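Here is what each chain is made of, one letter per residue.
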Amino acid sequence: MDLPYRSESFMAWYDQKLQKWSARVDLENKSATSDLTLDFYHYLKRNFKKSFSD
């Protein structure tokens, strides 16, 4: 994912989403963790442009 800049508002948004998604991580299940990581990446890719397009 190409991030052209790291503004304060973006970092706050990202941190909020990361905290919410990390609560779902099951460290005992590597397959589920991998799936969740991929889902989070796709979520960020989809919503980054919506939230931070100029």
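Residues numbered from 1 in each chain as written. Predicted model: local features only at pLDDT ≥ 70, side-chain atom pairs only at ≥ 80, totals over all residues. Heavy atoms only, no water.

### Quick word on the overall build of the protein chain
When helices and strands are counted, the protein chain shows two helices and zero strands. Put simply, the protein chain has 54 residues, and 20% of those count as buried. Considering only contacts in the protein chain between residues 6 or more positions apart, those separated by 24 or more positions represent 62%. On the protein chain, roughly 4500 Å² of surface is accessible, and the fraction owed to carbon and sulfur atoms is 51%. (Helix = DSSP H or I, 4+ residues; strand = E, 2+ residues; numbered from the N terminus. Buried < 20%, exposed > 50% of the residue type's maximum accessible area, 1.4 Å probe, protein only. Contact = heavy atoms within 4.5 Å. Areas by Shrake-Rupley, 256 points an atom, 1.4 Å probe, with all protein chains shown as cover.)

### Here's the deal with the nonpolar core
The biggest cluster of nonpolar side chains holds eight residues, and these are Phe10, Trp13, Trp21, Leu36, Phe40, Tyr43, Leu44 and Phe48. At five residues, helix H2 (residues 30-52) tops the list of elements feeding residues into this core. (Core = buried A, V, L, I, M, F, W, Y, C linked by side-chain atoms within 4.5 Å.)

### What about the packing of aromatic side chains?
Taken as a whole and judged by the stated rule, the model has three aromatic pairs. Pairing Tyr14 with Phe40 gives two aromatic rings, centres 6.3 Å apart and planes at 45°, and the pair type is tilted. Linking Tyr14 in helix H1 (residues 8-22) with Phe40 in helix H2, this pair joins segments that are 26 residues apart in sequence. Here Tyr14 falls in the partly exposed class, since its relative accessible area comes to 27%. On the basis of relative accessible area, Phe40 is assigned to the buried category, the value being 11%. (Phe/Tyr/Trp six-rings, centres within 6.5 Å; stacked < 30°, edge-to-face > 60°.)

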